[in-house]
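Structural features, examined
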Amino acid sequence: MQLKNPILGLCQQSTFMLSAAKVDQCPDDEGFEVAFAGRSNAGKSSALNTLTHASLARTSKTPGRTQLLNFFKLDDERRLVDLPGYGYAKVPIPLKQHWQRHLEAYLGSRESLKGLILMMDIRHPMTDFDLLMLDWAVASGMPMHILLTKADKLTYGAAKNTLLKVQSEIRKGWGETITIQLFSASKRMGLEEAYTVLADWMELADKGSEEAE
């Protein structure tokens, strides 16, 4: 019998905790956090909402609405974090600079951060922002998993080709440690693979098998 991934139940009961404009407003730096990053129109909020079966993250027809670090509680030890979206032209420069400062402070100082999920629109992967995040993840030794979002917008063959091409570029430039998959929030494609990564980073990977013994 196949055991249910223990992260599923936690994601389904996730609740909003708080929003932080600065690092000193974040929750206590303990337990396990996984952060979700992506360019403003990469489908980050939709991916978060699909993974949690809730409307936790704010989706908007105007990209760039996530202006704070938004924390969502899975249990007393585990949280998901929705990071500010970047790269949207209509956001004023001072606000962009504010986001960048506090995002860098969060990424550089947070001990409980166990991994980073980076969203890339499959039709426009490897933007300047994506390259910066890849550089940071490798330099800091932070695990990274990439969701090539909106995969339903391409035929399966074209999506698979893009996946292989981006995977090859990342291996050449950043090594073997970064993982990548196809994802579609609207078609619920790639959920199981993403849940497996989350469970591993949050040290839930063996919990199901332990309980069964």
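Per an unreviewed UniProt entry, the protein goes by the name Probable GTP-binding protein EngB and belongs to Pseudomonas rhizophila. Comment text from UniProt for the protein, heading Sequence similarities (unreviewed entry), reads "Belongs to the TRAFAC class TrmE-Era-EngA-EngB-Septin-like GTPase superfamily. EngB GTPase family." What UniProt states about the protein under its Function (unreviewed entry) heading is, verbatim, "Necessary for normal cell division and for the maintenance of normal septation."

Pairing between the strands of a sheet is mediated by backbone hydrogen bonds and can be parallel or antiparallel. One open sheet accounts for 7 strands, arranged S1-S3-S4-S2-S5-S6-S7; its pairing is mixed. Strands at the two margins of the open sheet, each flanked by one partner only, are strand S1 (15-20) and strand S7 (179-182). Strand-to-strand twist in this sheet, taken as the mean axis angle between neighbours without regard to direction, amounts to 20 degrees. Bridge analysis of strand S6 (residues 144-149) against S7 gives 4 bridges, and the strand direction is parallel. Counted as the bridge partner of Leu148 is Leu182 from S7.

Right, let's talk about helix H4 (residues 128-140) for a bit. End to end, H4 covers 18 Å across 13 residues, agreeing with the expected 18 Å (1.5 Å per residue, within 8%). Of the positions making up H4, those classed as buried are Phe129, Asp130, Met133, Leu134 and Ala137. Along the long axis of H4, the arc covered by the buried residues comes to 135 degrees, so they all point the same way. Exposed side of H4, more than 90 degrees from the buried face: Asp128, Leu132 and Ala139 are the residues found there.

With that settled, the discussion passes to the environment of Asp76. Mapped onto the secondary structure, Asp76 falls in the loop between strand S3 (69-73) and strand S4 (78-82). Take Asp76: its relative accessible area is 70%, and that puts it in the exposed class. In this structure, the C-alpha to C-alpha distance between Asp76 and Glu30, residues 46 residues apart in sequence, is 9.9 Å.

Rules and cut-offs
Residues numbered from 1 in each chain as written. Predicted model: local features only at pLDDT ≥ 70, side-chain atom pairs only at ≥ 80, totals over all residues. Heavy atoms only, no water. UniProt positions renumbered as here; feature names shortened; annotations may be inferred. Pairing = 2+ DSSP bridges. Helix = DSSP H or I, 4+ residues; strand = E, 2+ residues; numbered from the N terminus. Axes fitted to C-alpha atoms, helices over the stretch in contact; angles between N-to-C directions. Expected span 1.5 Å × (residues − 1). Buried < 20%, exposed > 50% of the residue type's maximum accessible area, 1.4 Å probe, protein only. Arc of directions from axis to C-beta.

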